[in-house]
Amino acid sequence: MAKGDRGAPARGKEVAGEPAPDFVQLLTPDGERIEKSVGADGVEYTVDFTDEEYRGLYRDLVVIRRLDAEATALQRQGELGIWASLLGQEAAQVGSGRALRPQDMAFPTYREHGVLYCRGIDPIMPLSLFRGVDQGAWDPVEFKVNMYTIVIGAQTLHATGYAMGITKDGKVGGDDGEAVICYFGDGAASQGDVNEAFIWASVFHSPIVFFCQNNQYAISEPIEKQTRIPLYRRADGFGFPGLRVDGNDVLATYAVTRAALDNARHGQGPTLIEAYTYRMGAHTTTDDPTRYRVASEVEEWAAKDPIARVRAFVEKQQIADASFIAEVDEQAKQEALHLRERVLAMPDPHPLTLFDHAYPNGSPVVDAQRERFAEYLDSFEGSAH
Amino acid sequence: MAEKLTIGKALNAGLRRALELDPKVLIMGEDVGKLGGVFRITDGLQKDFGDDRVIDTPLAESGIIGTAIGLAIRGYRPVCEIQFDGFVYPAYDQIVSQVAKMHYRSQGKVKVPMVIRIPFGGGIGAVEHHSESPEAYFSHTAGLKVVACSSPQDAYTMIQQAIASDDPIVFLEPKRRYHEKGEVDTEATFPLHASRRLRPGTDATVLAYGPMVRVALDAATAAEEDGRDLEVFDLRTLSPLDLEPVYESVRRTGRCVVVHEAPSNVGLGAEVAARITEECFYSLEAPVLRVTGYDTPYPAARLEEEFLPDLDRVLDAVDRTFGW
């Protein structure tokens with residue numbers, strides 16, 4: 001071996017995933033509750049939920065999976081241009097989304113439909129985006145969830161700047177302090193912006209939690225194309241704690257996210273959480289995952305399903321009975337039906353609205369183009385604009 | 001109150017006033033703190049306003065612009081300094097895909113009232129990447145406004161107007177003119193997005209902005225000796241362009257020359273020429289001519305005088321409009 005040659009890169013799974021991921025887990029795939037679990041940061045994590053809260057988490061998980069399935073179906077039927085399914089990542093999104101306190105701010109990618117749901121955003125919002133009616137126009141201030149960001153990793157800097165603003169406003173240091181959660185994926189971890197965000201957050205000691213859903217694939221590229229060490233360990237090099245959580249475990253995800261957010265709001269700076277999960281579906285509806293991954297791998301992850309384990313747990317512990325399970329299924333079905341009806345009834349925007357909001361103060365150039373286009377539209381016989 | 005200031009000092013005074021007037025105004029960039037910026041435009045500001053408002057950032061341009069977006073969403077008004085024109089490109093994605101589109105994407109719910117200050121243009125004998133004129137990239141991007149100052153008065157006034165504006169604005173500063181002095185009336189008012197006639201004339205219209213305004217004015221003085229009376233405009237706002245006063249001028253003179261340091265291909269001059277042709281077609285005695293940098297990368301410093309438009313090249317173009 002030549003001097004300095006460290007040999008061929010280790011096989012990906014050995015590098016980034018196996019052996020057994022060193023993660024925080026409070027609920028096994030079989031639905032066994034683990035009382036306490038120690039993270040890579042040396043901290044012991046647990047949750048103390050009431051039965052009602054357990055049932056609530058189960059309800060969230062089931063409903064968002066059903067809504068997601070409806071959206072996929074709507075795309076297949078030509079009603080959405082494209083859809084980025086969250087299938088398999090429900091626990092990561094509900095666990096982190098429910099860990100937010102009302103004053104916290106979230107910066108999503110374009111797959112955080114479950115987080116939006118937890119924040120009380122009408123589920124039609126991401127669908128109107130993927131239908132092409134708008135670009136995701138919920139009110140980021142009202143719901144404390146920024147718009148979806150399509151450019152991979154760009155939002156991590158926005159989130160960091162927002163967190164810097166929290167510090168400037170003096171809103172850290174107490175229980176009523178504010179914190180930011182910033183979502184991104186394993187692919188984004190290779191982006192310069194994400195690494196710059198880590199630097200900024202560290203240097204300015206900002207109240208932010210970087211929440212990486214490592215769903216193992218960036219479209220077709222497996223995690224070993226992005227990293228030779230587990231992603232959470234990158235935090236070390238930037239000077240803040242990082243840890244990995246079982247992203248298919250809603251309890252553990254909640255526990256670590258809540259703790260990291262609380263640390264942030266109390267002035268203890270950033271944390272990187274790597275939620276170790278799996279994208280059960282395609283990257284988006286335009287993708288064919290059978291071209292780049294094997295069925296056995298998908299089956300392996302299907303056995304770690306985030307919802308089945310919660311159901312097993314609540315049934316075994318007699319937290320929920322058959323009628324509750326049936327009631328949740330019915331609720332999910334009704335919400336999906338309602339969503340479908342509203343998507344189908346969604347009108348196309350008026351052509352002239354394409355000129356709206358290009359600039360806060362307007363632009364004479366845009367105004368002139370709008371006027372000319374309106375005249376052009378009016379020139380068609382029987383036009384009704 | 002009027003006093004004589006350099007462009008650099010006028011920018012400094014304008015920034016100072018903006019910091020005083022609005023506690024949400026922040027300055028951020030590389031070396032803007034203790035050093036006062038490599039051109040000293042932010043000299044003394046950190047000392048007086050603290051490092052919480054005048055922020056030395058890590059050395060990464062995308063990070064500067066990206067975090068400024070987040071601060072703007074939070075309610076701040078960041079003024080970002082990009083150290084040199086050629087260093088803005090690492091931030092290009094954040095500027096073009098995020099800054100420019102936030103308001104549109106959110107249907108008006110999110111504003112990012114940011115100013116991105118860029119010292120631009122050549123003529124300072126620098127190494128590569130320190131002499132570029134990137135205005136066309138940003139002027140081409142809907143959602144951004146782009147302005148260029150050329151005098152101490154405009155430097156003082158326009159920087160404050162840009163900061164007060166809710167539009168995201170790329171603010172171009174003629175770095176080779178930073179040391180030129182002029183009167184600054186601190187009470188002066190003139191709209192930000194308006195071109196300005198600097199010299200009336202009857203024979204041809206010359207358009208310039210930023211560092212080329214001085215060249216255009218000198219050319220007009222020289223042309224006078226040849227008996228030619230040139231009308232000179234400082235365009236000032238590159239996006240949106242304010243060309244109504246220019247159309248009025250060209251309809252009178254019938255001839256127009258547009259001057260910029262940036263290369264000609266798909267540059268500001270092309271847009272200006274196209275619009276003048278559309279609006280003044282029957283008044284034109286000659287095509288609108290462009291005097292620009294060449295369509296090469298910016299050359300080594302010992303060649304930049306050949307690359308940059310100067311008085312003689314402007315007069316040569318004016319001559320050609322008369323020879324048509």
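Computed from a prediction, not measured in an experiment: that's the story for all the values here.

**Describing the interface of chain A and chain B**
On the chain B side, the residues contacting the 34 residues of chain A number 34 residues. Of all the secondary-structure elements, those providing two or more residues to the side of chain A that touches chain B are helix H6 (140–143), helix H7 (154–168), helix H8 (192–203) and helix H14 (364–378) of chain A. Element by element, the count of residues in the side of chain A that touches chain B is highest for H7(A), at 10 residues. A breakdown of the residues in the side of chain A that touches chain B according to their chemical character gives 18 nonpolar, 11 polar and 5 charged.

**Notes on the environment of Tyr359(A)**
Among the structural elements, Tyr359(A) can be located in the loop between helix H13 (322–344) and H14. Distance from Tyr359(A) to Ala189(A), taken between C-alpha atoms, is 32 Å for residues 170 residues apart in sequence. Leaving out residues up to four positions away in the same chain, Tyr359(A) has contacts with His103(B), Gly143(B) and Asp167(B).

**Quick word on the confidence of the model for chain A**
The predicted coordinates ought not to be read in detail in places where the model reports low pLDDT. Considering every residue of chain A, the mean pLDDT works out to 94; 94% of them sit at 70 or more. Of the regions scoring below 50 in pLDDT, residues 1–18 of chain A engages in 14 contacts with residues more than four places distant in sequence or in other chains.

**Observations concerning the sheet that holds strand E6 (residues 145–148) of chain B**
Residue and element names in this part refer to chain B. Across the sheet, which stays open at both edges, the 7 strands sit in the order E3-E2-E4-E5-E7-E6-E12 with mixed pairing between neighbours. Edge strands, defined here as strands with exactly one partner in the open sheet, are strand E3 (54–56) and strand E12 (237–239). Each neighbouring strand pair of the sheet contributes to a mean axis angle of 20°, computed without reference to strand direction. Inspection of the sheet shows E6 paired to E12 by 2 bridges, in the antiparallel sense. Bridge pairing links Val 147 to Thr 237 in E12. Seen against the sheet, helix H7 (residues 152–164) touches strand E2 (25–29), strand E4 (77–81), strand E5 (115–120), E6 and strand E7 (169–174) and runs at an angle of roughly 165° to E7.

**Quick notes on the domain arrangement of chain B**
Residues and elements named next belong to chain B. The domain boundaries assigned to chain B delineate domain 1 (2–185) and domain 2 (196–322). Inter-centroid distance (C-alpha atoms) of domain 1 to domain 2 is 26 Å. With 24 residues of domain 1 in contact, the opposing surface of domain 2 contributes 22 residues. When residues of the side of domain 1 that touches domain 2 are traced back to their parent elements, those giving at least two are helix H6 (135–139), E6 and E7. It is E6 that provides the largest number of residues to the side of domain 1 that touches domain 2, a total of 4 residues. Class assignment for the residues of the side of domain 1 that touches domain 2 results in 9 nonpolar, 8 polar and 7 charged.

**What about helix H10 (residues 250–265) of chain A?**
Residues and elements named next belong to chain A. With 16 residues, H10 extends 22 Å from end C-alpha to end C-alpha; this agrees with the ideal 22 Å at 1.5 Å per step. Counted residue by residue, H10 has 14 buried out of 16 residues, so it is predominantly covered. Looking at the residues trailing H10, positive phi occurs at Gly 267, about 90°.

**Observations regarding the confidence of the model for chain B**
Residue-level pLDDT values for chain B average 98, and 100% of them are 70 or greater. Confidence estimates for the predicted assembly give a pTM of 0.95 and an ipTM of 0.97.

The rules behind each value
- Residues numbered from 1 in each chain as written.
- Chains lettered and ligands numbered in written order.
- Predicted model: local features only at pLDDT ≥ 70, side-chain atom pairs only at ≥ 80, totals over all residues.
- Contact = placed C-beta atoms within 7 Å.
- Helix = DSSP H or I, 4+ residues; strand = E, 2+ residues; numbered from the N terminus.
- Nonpolar A, V, L, I, M, F, W, Y, C, P; charged D, E, K, R; others polar.
- pLDDT = per-residue confidence, 0-100.
- Pairing = 2+ DSSP bridges.
- Axes fitted to C-alpha atoms, helices over the stretch in contact; angles between N-to-C directions.
- Domains from an automatic or database assignment.
- Expected span 1.5 Å × (residues − 1).
- Buried ≥ 20, exposed ≤ 12 C-beta atoms within 10 Å, placed from the backbone.

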